[in-house]
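# Close look at the chain arrangement
Residue strings, one per chain:
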Amino acid sequence: MISAEQKKHFEEKGYLLVPGVLSAAEIAHMRKSVLGIFNSDEWKKSPYNTERILSDVYQTFPEFLNVTLNAKVLDVVKGLLGENPLLMPESSVHYKFYTGWHKDTTSQERAGHTFHLSDTSLMIEAGFYLQDNDEYGGGLTVMEASHLTSDYFVNLPQAGLGERIKNKLSPIPEEENKRINPNKHKLVNIASKAGDLVIFNFKTNHRASRPSICAIEAIPKEKEKIAFFNAFSVNNESGYAYLNYLKSRPEPFYQNLGHRVVSNELKAKAAELAFTAL
């Protein structure tokens, strides 16, 4: 279980770093396996996968279950969410995929939903990065304590021509950019190592960490970004409201959720570690 200090850090800052959850052997095995999938046609096993993302990964690649859904992970998750947490059908692998600033509640709030604003709602991403977050990026950058402030990304204005020209000539540090950080949150580039467990609140402002010494396209092969994500919710009506929201989304992957059957391998893992797989 997590300590009281770790839980306090998560509640106040909106994220938590748990070092050394995966071993060096597990990291090496996972990198080799994931690269083999993306560098061949294996990623096409599901029509909902792309060259950058494996969606609902345990349904098509159950061999990852014993590594990224293990007792250590569930101990931390339960320490934050309580017993029998809900695992959402969004477990995924990202390969060389880089997102901009957002909350993981932005899309649902933009669609008019507010269940995530309830005091009883708590959802987290529990992620593994299979490389250090260093000068080549490869991890997560967050706005500290931003889970406590409203989601201005719902109606974020585009940068005007003047701002774009000014930023190109003399870049504005993100922390000082009033358009993307109006609440003046501290930016934290989480110093994760390969195999650390990185957890963040769905309502925390975050983006993928970028390389500081080269373009994304120039990142060396051994440093290419690979990340696993598991989305969990406290086991209450807000978690099921989120599931219903997912089913209402128009994208084919989400439209298929109404017909999806949880795999026997995932059911067995859920029974073993006492969580509910949706």
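Before reading on, note that the structure itself is shown above.
Because the structure is predicted, anything quoted here is derived from the model rather than measured. Every chain is numbered on its own, with residues counted from 1 as its sequence reads. Owing to the predicted nature of the model, reporting of local features is limited to residues with pLDDT of at least 70; listing and counting of side-chain atom pairs is limited to 80 or more, with chain, interface and lining totals taken over all residues. Note: side-chain values were computed over all heavy atoms of the structure, leaving out hydrogens and water.

## Quick look at helix α2 (residues 24-38)
Look at α2: 21 Å from first C-alpha to last across 15 residues, which is about the 21 Å you get at 1.5 Å a residue. What makes two residues a contact is simply this: any of their non-hydrogen atoms within 4.5 Å. Counting from the N terminus, the helices are the DSSP runs of H or I reaching at least four residues and the strands are the DSSP runs of E reaching at least two. Summarising the contacts, the buried residues of α2 are in contact with β2 (53-54), α4 (65-68), β4 (92-95) and β10 (226-233). Multiplying 1.5 Å by the residue count of a helix minus one yields the expected span of that helix.

## Overview of the nonpolar core
In these notes, a set of buried Ala, Val, Leu, Ile, Met, Phe, Trp, Tyr and Cys residues joined through side-chain atoms within 4.5 Å is what counts as a nonpolar core. The rule is simple: take the accessible area with a 1.4 Å probe, protein chains only, and divide by the maximum for that residue type; under 20% is buried, over 50% is exposed, in between is partly exposed. One finds Phe 64, Leu 69, Ile 199, Phe 232, Leu 266 and Phe 275 to be the most contacted residues of the largest nonpolar core, which totals 45 residues. Residues within four places of Ile 199 in sequence aside, it is in contact with Phe 10, Gly 14, Tyr 15, Leu 16, Val 76, Leu 80, Ile 124, Glu 125 and Ala 126. Ranked by size, the runner-up nonpolar core spans 14 residues in total, among them Met 123, Phe 202, Phe 253 and Leu 257.

## Some thoughts on the sheet that holds strand β6 (residues 140-143)
Two strands pair if DSSP finds at least two bridges between them. Spatial ordering of the open sheet is given by β7-β6-β9, a layout of 3 strands whose pairing is antiparallel. Lying at the two open borders of the sheet, with one neighbouring strand each, are β7 (187-189) and β9 (206-208). Adjacent strand axes in the sheet meet at a mean angle of 20°, parallel and antiparallel pairs treated alike. Orientation is described by axes fitted as lines to C-alpha atoms, over the contacting stretch for helices, and by angles from 0 to 180 degrees between their N-to-C directions.

## Some words on the environment of Leu 246
Mapped onto the secondary structure, Leu 246 falls in helix α8 (residues 237-248). Residues Leu 246 and Glu 90, spaced 156 residues apart in sequence, show a C-alpha to C-alpha distance of 9.4 Å. Sequence-distant contacts of Leu 246, that is, excluding residues within four places in its chain, are made with Pro 89, Glu 90, Tyr 254 and Leu 257.

## A short note on unusual backbone geometry
Here Asn 84, not a glycine, exhibits a phi torsion of approximately 50°, which is positive. Assignment of secondary structure puts Asn 84 in the loop between α5 (71-81) and β3 (86-87). Residue Ala 274 is not a glycine yet carries a positive backbone phi of 60°. Position of Ala 274 relative to the elements: it lies in the loop between α10 (264-273) and β11 (276-277).

## Structural notes on the environment of Ile 27
Tracing the backbone shows Ile 27 in helix α2. Along the sequence, Ile 27 and Pro 250 sit 223 residues apart, while their C-alpha atoms lie 35 Å from each other.

## Looking at the side chain of Asn 49
By the element assignment, Asn 49 lies in the loop between α2 and β2. With near-sequence residues (within four places) excluded, Asn 49 lies in contact with Trp 43, Leu 54, Ser 55 and Phe 61.

## Overview of the packing of aromatic side chains
Two aromatic rings from Phe, Tyr or Trp, using only the six-membered ring of Trp, form a pair when their centres are within 6.5 Å; if the ring planes differ by under 30 degrees the pair is stacked, by over 60 it is edge-to-face, and anything between is tilted. Within the structure shown, the criterion is met by 10 aromatic pairs. With a centroid separation of 5.8 Å and 70° between ring planes, the pair formed by Tyr 48 and Phe 253 is classed as edge-to-face. In this pair, Tyr 48 is assigned in the loop between α2 and β2 and Phe 253 in helix α9 (residues 252-255), connecting sequence segments 205 residues apart. When the centroid spacing of 6.2 Å and the interplanar angle of 35° are considered together, the rings of Phe 61 and Phe 64 count as tilted. Put simply, the rings of Tyr 48, Phe 253 and Tyr 254 pair up and form one aromatic cluster. Here, over-ring charges are defined by two tests on the NZ atom of lysine or the CZ atom of arginine: distance to the ring centre within 6 Å, and angle to the ring normal within 35 degrees. Cation over ring: Lys 45 sits above Phe 61, and NZ or CZ is 4.6 Å from the ring centre. Between the NZ or CZ atom of Lys 225 and the centre of the ring of Tyr 98, over which it lies, the distance is 5.0 Å.

## Looking at the pattern of salt bridges
Between Lys or Arg on one side and Asp or Glu on the other, a salt bridge is scored when a side-chain nitrogen of the former is within 4 Å of a carboxyl oxygen of the latter. Applying the stated criterion across every chain yields a total of 11 salt bridges. With a closest N to O distance of 2.9 Å, Arg 249 and Glu 251 form a salt bridge. Residue classification places Arg 249 among the buried residues on the basis of a relative accessible area of 17%. The salt bridge involving Lys 269 is made with Glu 272; its shortest N-O contact spans 3.3 Å. Separated by 3 residues within a single helix, Lys 269 and Glu 272 lie in helix α10, roughly one turn from each other.

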